[in-house]
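# What the coordinates show
Read off the chains here:
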Amino acid sequence: MTMKSLFQRWLILFVTIAFIITVYVSYNLQSNQAIDKAKELLRVNLADASRQLARSNENLKVIRDMTQEGALAKARAVAALVWENHNIATNSEALQHVKRILDVDEVCVTDEKIIVGSIPETYLNFDMSTNPQSAEFVPAIYSKDFEYVQVPRENAFKKIVQYVGVSRLDKPGIIQISYTPTRLIAAEKVADFSYIADNFRIGQGGRLRIKKLEDVKDLPLDKFNELGEYYYSDNENLYLAKRVEDVVLIGNLPNKEMYISRDDVVASTTIAYLILFFIIFLLISNLLQTVVIDGIYSVNDSLTKIKDGNLDEKVEVHTAIEFDDLSLGINTTVDSLKELKEKEARRIDADLKIGHDIQYSVIPTDFPVNQSYKLFAGMYTAKEVGGDFYDFFKVDDTHGAILIADVSGKGITAALYMMTAKTLIKELVMTFKDPAEAIERANQTLAKGKNKVSFMFVTVFLAVYNLKTGELVSVNAGHNPPLLKTADGKWEYQKIKHSVALGISMKAKYANVSLQLNKGDSILLYTDGVTEAMNWNNEQYGEKRLKEFLDEIPDEPQQVVEGLRDELADYRKDFPQSDDITMLMLKA
């Protein structure tokens, strides 16, 4: 038996064993991946279902409050009309007109407990205290401030209505209206467990069930993890139960659907492995010559260099036509990759320049010179454009505004968002003069449109300075605390209570905080690029170093801003600047 034949026999055995092991490992890996993906699919869908349930309940509460408030407004309007003209109370034609104008189903007016005016007239002379439903409004006779809204129910005509009652203003009595709460009924239907579950699908065949916690009898509640989740399975499905407040969401995914991707992948990879091992066998058995082995090593060496980032490396193996083609293909691909990398670098540089141009085009650089105060500011951008900006402007003859802000995100989008925020805040300050009101209105505008700006937000510190009294009225929207220095003291951080950044929640509220700047006092505003500047030891510059540095230098605005810029550069050495550095200092 020749050495080649012996080698081939052993090679067949090794290739076969390797093939079996590879298929077995692949099958198990794909099974585990299928289970993990199924669990993730269940988790994501149940998280979505819980959000949908929460949104439905929130919408239901909002609609219920709006519906009740609208109904009370209509009842109050009827009471006001009756108070202005007592005859309306018993005038069917007038009540019919009121019913039509207010778009309600029923209008009833009582003297004491007896209905004296009603549309429809079926209820005339009815004693309100004789029926449990109407008796709930009887306290209106004894209290002019009485207002009451009942839950929707069927009326005498088998129609779902909602009754609302208030006290008569002219004399003891009740004003009651009823109407069909169409939006409320629709919202309650949408928020119903069965409606949400019936319209929810997980994958192709998975379903969702929603149960109240007290109705769950078949699940071990003590086995739920800290996230309120519990996975379990049977012969047909994988389940995930998730506790959300007082309900349990249960989602299932059929096993046949869970493993369908595994079966497809295993089948295709098995064929691929079979072909691959067969080709390997043929190559190894027929290409034993050193030239082939050397060629493979040479190619591998070149590919390793390319993988390590050396795109100038060339594969030069020409011992066979196949190696010629392989060398050409690899070299062509690497050349294309290199060209694409260069193009992308040029595009990024162009974007950065545009972002820098936008950022610098909107900040003022002519600093005021007068006897009332001194002001200086600086912005030193990182290579990756951010959204820092500062501003100062005259509000009126006795007031000026100073502003510093930091937009989340990087690139052109952040720069454009910065322009929007800066323009908006300045317009609102000029209009309302009040910092808190200006910031609150700006926040409502930015938060309302945030879905169109990639969920961006901006931290802001805004202050309006009284040039005559020295009072500085400020508001902090999630920004770094300013530093204040009295004329004969040291720099101290002002832990001014702040609210959330602009653009996150339309419900956010902001409050003014007043500071007093006497002659010689100074205030320094800055962005987090100052305190979070990093060096090669991964250490941030920090608030402590900032205060210590400021205490060591004269408190002149330009000297402080430029000196702090140089201090940060010296602290970083040649460590790349990762964020914009922006500062503004005002000295009275």
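Since this is a predicted model, take the numbers as computed values, not measurements. Residue indices begin from 1 for each chain and proceed along its sequence in written order. Side-chain atom pairs in this predicted model are given and counted only at pLDDT of 80 or more, local residue features only at pLDDT of at least 70, and totals for whole chains, interfaces and linings cover all residues. Computation of side-chain values: all heavy atoms of the structure, hydrogens and water removed.

## Focus: the pattern of salt bridges
Salt bridges are defined as contacts in which a side-chain nitrogen from Lys or Arg sits within 4 Å of a carboxyl oxygen from Asp or Glu. In the structure shown here, the tally under the stated rule is 26 salt bridges. Across the pair Lys171 and Asp111 runs a salt bridge, and its minimum N-O distance is 3.4 Å. With Lys171 in the loop between β5 (160–167) and β6 (174–179) and Asp111 in strand β1 (residues 106–111), this residue pair connects regions lying 60 residues apart in the sequence. Accessible area is worked out with a 1.4 Å probe on protein chains only. A residue is then buried under 20% of its type maximum, exposed over 50%, and partly exposed in between. Judged by relative accessible area, which is 26%, Asp111 ranks as partly exposed. The salt bridge partner of Lys495 is Glu543, with a shortest N-O separation of 3.7 Å. Separated by 48 residues along the polypeptide, Lys495 in the loop between β17 (491–493) and β18 (513–516) and Glu543 in helix α13 (residues 542–552) bring together distant segments of the chain. Under the relative-accessibility criterion, Lys495 is labelled exposed at 61%. Here a helix means four or more residues in a row that DSSP labels H or I, a strand means two or more in a row labelled E, and each is numbered from the N terminus.

## Some words on the layout of surface pockets
By volume, the largest pocket is sized at about 340 Å³. Lining the largest pocket are 17 residues, and of these Lys74, Asp103, Tyr179, Thr180 and Pro181 sit closest to its centre. Among the secondary structure elements, those contributing two or more residues to the lining of the largest pocket are α1 (3–84), α2 (92–102) and α4 (182–191). Split into classes, the residues belonging to the lining of the largest pocket amount to 7 nonpolar, 4 polar and 6 charged. Site definitions follow a grid-based scheme: protein atoms alone, a 1 Å grid, a 1.4 Å probe that fits but cannot get out for cavities, and for pockets an open set with protein on both sides within 12 Å along at least five of seven lines, plus lining residues having an atom within 4 Å of a point. Grid points are joined across faces, edges and corners, and a volume is the space filled by probe spheres set on the points. Each residue gets one label: Ala, Val, Leu, Ile, Met, Phe, Trp, Tyr, Cys and Pro are nonpolar, Asp, Glu, Lys and Arg are charged, and the others, such as Gly, are polar.

## Description of the sheet that holds strand β7 (residues 207–212)
Pairing is antiparallel across the open sheet formed by 4 strands, whose spatial order is β7-β10-β9-β8. The open sheet has two edge strands, β7 and β8 (229–233), and neither has a second partner. Sheet twist, expressed as the average angle between the axes of neighbouring strands with direction ignored, equals 20°. Strands pair, by our definition, only if DSSP identifies at least two bridges between them. Working convention: axes come from line fits to C-alpha atoms, limited for helices to the stretch in contact. Angles between N-to-C directions cover 0 to 180 degrees.

## Brief notes about unusual backbone geometry
Peptide bonds are trans in most cases, and residues, glycine excluded, mostly fall at negative phi. Here the bond from Ile119 into Pro120 is cis, since omega is 5°, no more than 30 degrees from zero. Mapped onto the elements of the fold, Pro120 is located in the loop between β2 (114–119) and α3 (132–135). The phi torsion at Asn125 lies on the positive side, around 70°, for a residue other than glycine. Within the secondary structure, Asn125 sits in the loop between β2 and α3. For Glu245, which is not glycine, the phi dihedral falls at a positive 55°. Examined against the element boundaries, Glu245 turns out to sit in the loop between β9 (237–244) and β10 (247–254).

## Notes on the pairing of β9
Counting buried residues in β9 gives 7 out of 8 residues, a clear majority hidden from the surface. Linking β8 back to β9 in an antiparallel pair, the connection comprises 3 residues. Taken together, the 8 bridges between β9 and β10 define a ladder with antiparallel strand orientation. In the strand pairing of β10, Tyr239 is matched with Asn252. In this antiparallel pair of consecutive strands, β9 and β10, the connection spans 2 residues, and Glu245 shows a positive phi of 55°.

## What about helix α11 (residues 435–448)?
Every helix has an expected span of 1.5 Å times one less than the residues it contains. For α11, with 14 residues, the first-to-last C-alpha span of 20 Å sits near the 20 Å given by 1.5 Å per residue. Buried within α11 we find Pro435, Ala436, Ala438, Ile439, Glu440, Ala442, Asn443, Leu446 and Ala447. For this analysis, a polar contact is any N or O atom pair within 3.5 Å, provided that within protein one partner can donate a hydrogen and the other can accept it, and provided that sequence-adjacent residues contribute only side-chain to side-chain pairs. If you check the start of α11, you find a side-chain oxygen 3.3 Å away from the backbone N of Ala436, and it comes from Asp434.

## Looking at the nonpolar core
In a soluble, globular protein the nonpolar side chains are often hidden away together inside. Among the buried residues, those of types Ala, Val, Leu, Ile, Met, Phe, Trp, Tyr and Cys that are joined through side-chain atoms within 4.5 Å form a nonpolar core. Residues Val458, Val460 and Leu502 are the most contacted members of the largest nonpolar core, which totals 52 residues. The element best represented in this core is helix α10 (residues 411–432), accounting for 8 residues. Not counting the four nearest positions on each side in its chain, Val460 is found in contact with Leu403, Ile404, Ala405, Ile425, Ile439, Val475, Asn476, Ala477, His479 and Leu502. Counting residues in hydrophobic clusters, the runner-up holds 22 residues, among them Phe376, Leu524, Tyr526 and Leu564. When checking whether two residues touch, look at their non-hydrogen atoms; a contact exists if any pair is within 4.5 Å.

## Let's talk about a nonpolar patch on the surface
Together, Leu6, Trp10, Leu13, Phe14, Ile17, Ile21, Tyr24, Val25 and Leu29 make up an exposed nonpolar region whose accessible area comes to about 900 Å². With respect to the helices and strands, Ile17 occurs in helix α1. For Ile17, a relative accessible area of 40% puts it in the partly exposed group. Patches here: salt-bridge-free residues with over 30% relative accessible area, like charges joined within 9 Å, nonpolar side chains (Val, Leu, Ile, Met, Phe, Trp, Tyr) joined within 5 Å. Shrake-Rupley sampling with a 1.4 Å probe provides the accessible areas, and residues are treated as covered by the protein chains on show and by no other component.

## As for the packing of α10 against α11
Two numbers describe how α10 lies on α11: the axes approach to 9 Å, and their chain directions differ by 140°. It follows from the interaxial angle that α10 and α11 lie oblique. Crossing handedness for the pair α10 and α11: right-handed. Contacts from Tyr417, Thr420, Ala421, Leu424, Ile425, Leu428, Val429 and Phe432 of α10 reach α11 at Glu437, Ala438, Ile439, Arg441, Ala442, Thr445 and Leu446. Taken together, the residues of the contact of α10 with α11 sort by class into 11 nonpolar, 2 polar and 2 charged. Angles below 35 degrees are treated as roughly parallel, those above 145 as roughly antiparallel, those between 65 and 115 as roughly perpendicular, and all remaining angles as oblique. Should the near helix be turned anticlockwise from the far one by less than a right angle, the crossing is termed left-handed; should it be turned clockwise, right-handed.

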